Amino acid sequence: MTQNHLNTLEGLSTVQAATRLAEDGPNDITQTPRRSLPRRLLDMLRQPMFALLVAAAVLYMALGDLTEGLTLGVFVLAVLVLTFYQEGKSEASIQALRDLTQAQAQVIRSGQKLQVPARNVVTGDLLVLSEGDRVAADGQLLNANNLQIDESLLTGESVPVNKSTDDSDNAVHAGSFVVRGQGLARVTATGQRSQIGRIGQSLGQLTSGTTPLQAQTAQLVQRLAIIVLVLCITMVLTLGLRSGQWIPALLSGIALAMAILPEEYPVVLTIFPALGAHRLTREGVLTRRINAIETLGATTVLCTDKTGTLTQNRMTVTAMAVGSADAPLIASLATPTTALPQAFHPLLEHAILASAPEPFDPMETAFHSSGQTHLAQTPHLHGDDWRLVQSYALSPQLKAMSHVWQFDEGLDRVVSAKGAPEAVMDLCHLSEADQQAWSHTIDSMAAQGLRVLAVAQSRFEGNDWPETAHAFAFEWLGLIGLTDPLRPEIPQAMAECQSAGIRVIMITGDYPATAQVIAQQAGLPPGQTLTGDALDQLSDEALHALLPQVSVCARISPHQKLRIVQALQAHGEVVTMTGDGVNDAPALQAAHVGVAMGLRGTDVAREAADLVLVDDNFASIVRGIRVGRRIFGNLQKSMRYIFAIHIPIAGIALAPMVMAWPALMLPLHVALLELVIDPACSIAFENEPADANVMQRPPRDTRAALFGAKDIALALAQGLLVLACVGLSYAWAKGWIKGGATPALSEEETRAMVFVTLVLGYAALIVVNRAPPGQFLASLRVPNPSAWGVILMAWALVVLGMQWPWLAMALKFAPLTVWPWAVALGSGGLSLLAMVSLHWLLDQHQARRP
C-alpha cells in the first residue's frame with residue numbers, strides 16, 4: 001500500500017467524524033466508573049479509625065456532652081476533608097496516567113492521514129494498519145499487504161491469522177494486533193458495538209491491584225488490630241467493673257484503639273506509589289502498572305537496546321563498499337556534500353527500494369535522505385511510477401527483507417533486498433572465500449562503530465511469487481555503513497548504574513564489533529560478548545553460568561530476549577528489560593519491569609510493558625530508577641515514623657487506665673492528632689527529596705520486608721524515648737520529681753503540657769526520620785517545605801487548642817504559664833537530642849562491624 005494509493009482516498013471529513021463521535025460516543029469499552037461521593041464515604045466508614053471517630057462522637061452526644069460531641073464532629077469533618085484530598089490527588093494522578101497512555105490510531109480524513117486518539121475513531125473512518133499497531137475498532141479490509149493479525153485475545157488462538165481482501169473473513173477486530181504487514185480498513189463498529197465490547201473485556205488500562213507491599217502491610221495491621229481488640233476489651237471490662245461507668249469506659253477503650261492502631265499504613269501505601277507514578281512522568285517515564293514502581297528501584301540487571309536508547313536514533317549513511325570481495329572500493333561520506341562515485345549508485349538505489357516507501361525506521365529514513373542528496377539528478381531515484389507489488393518481511397529465519405517492484409505495464413519485476421550481511425550472503429549464495437573476504441570488510445567498518453547492512457538485487461518475471469525470497473537469483477551489490485551517534489548523557493547515566501550496583505547488559509541485533517564499540521563509548525564495564533548463534537548452542541545451565549560475565553549480546557533476535565530474561569531471573573536477578581517491537585512483548589511481560597519505547601515502540605510492546613519511555617532515552621530509565629528508590633526510601637521513613645508516633649500516643653492512653661489516673665487521652669485528642677499525623681506521613685515524607693547517596697547504594701533485597709525487625713526495633717526505641725520525655729513532663733506537672741510543680745498543676749494544665757511535649761516529640765520524629773544514617777545535620781540543609789509546614793501546622797493547632805476558650809474547653813486544655821512552657825519545651829527538645837544520640841550510637845556500631 002503506497003502513499004500514492006492513500007492519497008486517492010478521502011475518508012470522512014472532519015465535520016462528519018465529529019458528528020458521528022457525538023452520535024455514537026467515544027470508542028471506549030465501559031471501564032470501572034470512578035467512585036462516587038457516597039461510595040467514597042461508605043468506603044471511609046469501613047476504615048476502623050474513621051468508624052471509631054464517628055462512634056466516639058455519637059457516644060459523647062449520648063452522654064449529653066454536646067460541646068465535645070460537636071467538637072469531635074468538626075474534627076471528623078476535617079479528617080474527612082483531608083482524606084478526600086489525599087484520595088482525590090491519588091486518583092487524579094492515576095487517571096492522568098490513563099489519559100497519557102491511551103492508544104493512538106491512524107485514520108484518513110479529508111484525504112489526509114492523521115493520528116488521533118483511538119477513542120475518537122468513528123464508524124466509517126478509514127483505519128490505516130501498520131506492523132505493531134493495536135486495531136482500534138472493528139472494520140472491513142479494503143487493502144492488505146502481507147497482513148498478519150494476532151487475534152488471540154478474542155479467539156484464544158496464538159497463531160497469527162493471514163488477512164486478505166480476497167478472503168471470506170476479511171474483517172479486523174478491535175483489540176487484535178498487527179503482527180506483520182500493512183492494511184487499510186473501513187470501520188464498521190466501535191466501543192460497545194465492537195466484538196470485544198460485546199464480550200465485555202477491556203484493554204490498555206492502568207492496573208493498581210494489591211501489591212506485595214500492601215499485602216505485607218495489611219497483614220501487619222491485621223495482627224496489630226487483633227492485639228488492639230484484645231487490649232481494648234480487657235480495658236473496657238476493667239474500667240467498667242472498677243468504676244461502674246460503662247460509657248466512659250467504652251470511650252477510653254475507643255481512645256486506646258485509635259491510639260494504637262496504625263491506620264495510616266494503607267494510606268501511605270496507596271498515595272506514595274500513585275504520586276510517585278506522577279513524578280515519573282516528569283522524568284519522561286509513563287507508568288502503566290503501579291506495581292512496577294515497587295520493583296523499579298530494586299533493579300539489579302538492566303537489559304537495554306542500543307539503537308535509539310543508547311544512541312540518538314538519527315542515522316546517516318557514512319560509508320559504502322562495492323566491487324570485488326578481495327579488493328572492494330570504499331566510499332567515505334564524511335559530510336553530506338561529499339560526492340558519491342557512480343559505482344556506488346546501484347547500491348544506494350536498491351537500499352532505498354528495499355526500504356518502506358514511507359520510511360519510519362531511522363535506518364531507512366537515512367537511505368532515503370542520502371538518495372535525495374546523491375541520486376536526485378540520476379536515473380537511480382524512482383518516483384510514483386514504480387509500484388511495490390510484493391514484499392518479504394524480516395523474520396527470525398532470514399534477517400533480511402525483500403521488495404518486488406513493478407516499473408511498467410510489462411511482466412518484468414525488480415527485486416531489492418537488504419539486511420544482515422550474513423543473511424544477504426546466504427541469499428546471494430556467495431562462495432566461502434568471498435564470504436570470508438567480505439567479513440574482513442564488515443569487521444573493519446564495524447570497528448568504527450558503524451551499523452553495517454548488505455544490499456542485493458534480482459530480476460523476476462510475472463506475478464507468480466515464490467513463497468520465500470530464497471527463490472530469487474540475487475546478485476551481491478555491497479555494504480552500507482551507518483553512523484548513529486551516542487546520546488551525550490549516556491556515559492554519566494552508565495556511571496550512575498555502576499555506582500548503584502546495577503549491571504547493564506546491552507542487547508542488540510547489530511553486528512558484534514559495532515556493539516562492542518558502542519558499549520565502550522557508553523562506558524559499559526568490560527565483559528564478554530554473546531551472539532545469538534552462540535546463545536542457541538548453549539544449554540540453560542551453561543547460559544546461567546555465562547551471563548554473569550556478559551556485558552553485550554549481539555545479533556540477538558526478539559525471541560532470544562525472553563530466554564536471556566528467564567536465565568537472569570533464575571540467577572536471582574531483578575530484571576528490567578527494554579523493547580519496542582511486536583516480538584519483544586513476551587520478554588517485556590516476563591521481566592520484573594518491562595519498559596517500552598514511546599517514540600518508536602509498537603502498540604503491542606507498549607501494552608505489554610509496565611513503563612513507557614516518552615523519549616526512548618536510557619538516561620530516563622536511570623532517572624526512573626532513582627525515583628523508584630526515592631519512593632521506597634520515603635515509604636520506609638514514613639512507616640518508621642507512623643510506628644514510632646503511635647508508641648507515645650498509646651502510652652498516654654494506656655498508662656492512666658492501668659494506674660487509675662485521670663484519663664489524659666480522649667477520642668477528641670486522638671482526632672486532633674490524626675489531623676497532625678496524616679499530613680506528616682502522606683505529605684511531608686512523600687515530598688522528601690531523594691537521599692544524596694540514593695544511587696550509591698546497592699539494590700535492595702526484594703525478599704526483605706519493607707518494615708522489618710530492625711526498623712520496628714528502631715521505631716519502638718524512638719517512640720519510647722518520646723514517651724519517656726512526655727512522662728518527664730507529666731511527672732514534673734504532678735510534682736513527683738525534685739523541682740517539680742508546686743502545687744501540682746491542674747488536670748487541664750497537665751494535659752496541655754503533655755500535648756506540647758508530645759507535639760515537640762512528633763516534630764522531632766519527622767526531623768530525625770528525614771535524615772539518612774549519619775547525616776542528621778546535613779539533612780537540615782535539604783529543603784522540604786512540606787515537612788516544616790506540617791510541623792508549623794501541628795504547633796498552630798496545639799496553641800489554638802490552648803488559647804481559644806471554646807476549643808480549650810472541649811479539649812480540656814488550659815493555658816500554661818512560663819515554667820510549664822519551659823519544661824514542656826525542654827522535654828520535647830530532650831526527645832530530639834535523645835533520638836539523634838541513638839542514631840549516632842547505631843551509626844558508630846554499624847561502622848565498627850566488619
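In this report, we go over the structure that sits alongside the text. Please read these numbers as outputs of a predicted model, since none were measured by experiment.

Focus on the overall build of the protein
Moving on, step 1. Counting secondary structure elements, the protein contains 30 helices and 22 strands.
Moving on, step 2. When each of the 850 residues of the protein is scored for burial, the buried share is 53%.
Moving on, step 3. Just so you have it, the protein exposes about 35,900 Å², and 58% of that area is on carbon and sulfur atoms.

Observations regarding helix 13 (residues 362-374)
One turn of the α-helix equals 3.6 residues, which is why residues spaced by three or four share an orientation.
Moving on, step 1. The end-to-end C-alpha separation of helix 13 is 18 Å, in line with the 18 Å expected for 13 residues at 1.5 Å each.
Moving on, step 2. Of all the positions in helix 13, only Pro362, Met363, Glu364, Ala366, Phe367, Ser370, Gly371 and His374 are classed as buried.
Moving on, step 3. Check the buried side of helix 13 and you find it contacts strand 10 (316-323), helix 12 (345-353), strand 13 (400-406), strand 14 (412-419), strand 15 (451-461) and strand 16 (475-483).

Thoughts on the pattern of salt bridges
Moving on, step 1. In total, this model carries 17 salt bridges according to the counting rule given.
Moving on, step 2. A salt bridge links Glu422 to Arg555, with the shortest nitrogen-to-oxygen separation between them at 2.6 Å. Residue Glu422 is found in helix 14 (residues 421-428), and its partner Arg555 is found in the loop between strand 19 (550-554) and helix 20 (558-570); the two are separated by 133 residues along the sequence.
Moving on, step 3. With a relative accessible area of 37%, Glu422 lands in the partly exposed category.
Moving on, step 4. Residues joined by salt bridges that share partners form a network here, namely Asp305, Lys561 and Asp584.

Quick notes on the sheet that holds strand 21 (residues 593-597)
Moving on, step 1. With mixed pairing, eight strands are arranged side by side in an open sheet as 8-22-21-20-9-17-19-18. Where the open sheet ends on each side, the last strands, each with one partner, are strand 8 (285-287) and strand 18 (528-531). Strand-to-strand twist across the sheet, computed as the mean angle between neighbouring axes with direction ignored, equals 20°.
Moving on, step 2. As defined by bridge partners, strand 18 adjoins strand 19 across four bridges and the pair is classed as parallel. Following the sheet pairing, Thr529 is matched in strand 19 by Val552.
Moving on, step 3. Along the sheet face, helix 17 (residues 512-522) touches strand 17 (503-507), strand 18 and strand 19 and points at about 140° away from the line of strand 19.

Notes on the pairing of strand 11 (residues 328-332)
Moving on, step 1. The sheet contact formed by strand 10 and strand 11 spans five bridges and is antiparallel. Of the residues in strand 11, the one forming a bridge with Ala321 is Ile330.
Moving on, step 2. The antiparallel hairpin formed by strand 10 and strand 11 contains four residues in its connecting segment.

A short note on the packing of aromatic side chains
Moving on, step 1. Counted by the stated rule, this structure contains 14 aromatic pairs.
Moving on, step 2. Consider the rings of Tyr641 and Phe685, whose centres lie 5.4 Å apart with planes at 45°: the pair is tilted. Taken together, the residues span a long stretch of sequence, with Tyr641 in helix 23 (residues 618-659) and Phe685 in the loop between helix 24 (667-684) and helix 25 (709-734) at a distance of 44 residues. The pair Tyr641 / Phe685 is uniform in exposure class, with both members buried.

A word on the sheet that holds strand 10
Moving on, step 1. With antiparallel pairing, seven strands are arranged side by side in an open sheet as 11-10-16-15-14-13-12. Since the sheet does not close on itself, it has two edges, and those belong to strand 11 and strand 12 (387-392), each with one partner. Each adjacent strand pair in this sheet contributes to an overall mean axis angle of 25°, direction not counted.
Moving on, step 2. Pairing of strand 10 with strand 16 involves five bridges; the strand directions are antiparallel. Each residue of the ladder has a partner; that of Ala319, found in strand 16, is Gly481.
Moving on, step 3. Contacting strand 10, strand 11, strand 15 and strand 16, helix 15 (residues 432-446) crosses the sheet at an angle of about 15° to strand 16.

As for the environment of Val504
Moving on, step 1. Among the structural elements, Val504 can be located in strand 17.
Moving on, step 2. For Val504, a relative accessible area of 6% corresponds to the buried category.
Moving on, step 3. A C-alpha to C-alpha distance of 7.8 Å links Val504 and Met494, two positions ten residues apart in sequence.
Moving on, step 4. Among all residues touching Val504, those that are not within four sequence positions of it are Leu302, Thr304, Met494, Cys497, Leu524, Ser551 and Phe618.

Structural notes on the pairing of strand 7 (residues 177-189)
Moving on, step 1. Here strand 3 (residues 126-129) runs beside strand 7; their pairing, made up of four bridges, is antiparallel. Considered in strand 7, the bridge of Leu127 is made with Ala185.
Moving on, step 2. In this sheet, strand 7 lies alongside strand 4 (residues 138-150) in antiparallel orientation, the contact comprising ten bridges. What sits directly across from Ala144, in strand 7, is Gly183.

Some points on the packing of helix 16 (residues 490-499) against helix 23
Moving on, step 1. Put simply, helix 16 and helix 23 touch, their axes get as near as 9 Å, and they point 35° apart. Both helix 16 and helix 23 take part in a crossing whose hand is left-handed. Between helix 16 and helix 23, the contacting residues are Ile490, Ala493, Met494, Glu496 and Cys497 on the first element and Phe618, Ala619, Val622 and Arg626 on the second.
Moving on, step 2. Among the residues forming the contact of helix 16 with helix 23, the class breakdown is seven nonpolar, no polar and two charged.

Overview of the packing of helix 26 (residues 747-770) against helix 28 (residues 785-803)
Moving on, step 1. In contact at an axis separation of 10 Å, helix 26 and helix 28 are set at 180° when each is read in the N-to-C sense. Taken together, helix 26 and helix 28 sit at an angle that is classed as roughly antiparallel. Where helix 26 approaches helix 28, its residues Ala752, Val756, Val759, Leu760, Tyr762, Ala763, Ile766, Val767 and Arg770 are matched on the opposing element by Ala787, Trp788, Val790, Ile791, Ala794, Trp795, Val798 and Met802.
Moving on, step 2. Per-class residue counts for the contact of helix 26 with helix 28 are 16 nonpolar, no polar and one charged.

As for unusual backbone geometry
Moving on, step 1. Residues other than glycine seldom take positive phi values, yet Arg555 does so here, at roughly 55°.
Moving on, step 2. On the accessibility criterion, Arg555 (10% relative accessible area) is buried.
Moving on, step 3. The phi dihedral of Asp616 is positive, around 60°, even though this residue is not glycine.
Moving on, step 4. Among the structural elements, Asp616 can be located in the loop between strand 22 (611-613) and helix 23.
Moving on, step 5. Asp616 sits in the buried class, given a relative accessible area of 2%.

Rules used in this analysis
Residues numbered from 1 in each chain as written. Predicted model: local features only at pLDDT ≥ 70, side-chain atom pairs only at ≥ 80, totals over all residues. Heavy atoms only, no water. Helix = DSSP H or I, 4+ residues; strand = E, 2+ residues; numbered from the N terminus. Buried < 20%, exposed > 50% of the residue type's maximum accessible area, 1.4 Å probe, protein only. Areas by Shrake-Rupley, 256 points an atom, 1.4 Å probe, with all protein chains shown as cover. Expected span 1.5 Å × (residues − 1). Contact = heavy atoms within 4.5 Å. Salt bridge = Lys/Arg side-chain N within 4 Å of Asp/Glu carboxyl O. Pairing = 2+ DSSP bridges. Axes fitted to C-alpha atoms, helices over the stretch in contact; angles between N-to-C directions. Phe/Tyr/Trp six-rings, centres within 6.5 Å; stacked < 30°, edge-to-face > 60°. Left-handed = near helix turned anticlockwise from the far one by under 90°. Nonpolar A, V, L, I, M, F, W, Y, C, P; charged D, E, K, R; others polar. Parallel < 35°, antiparallel > 145°, perpendicular 65-115°, else oblique.

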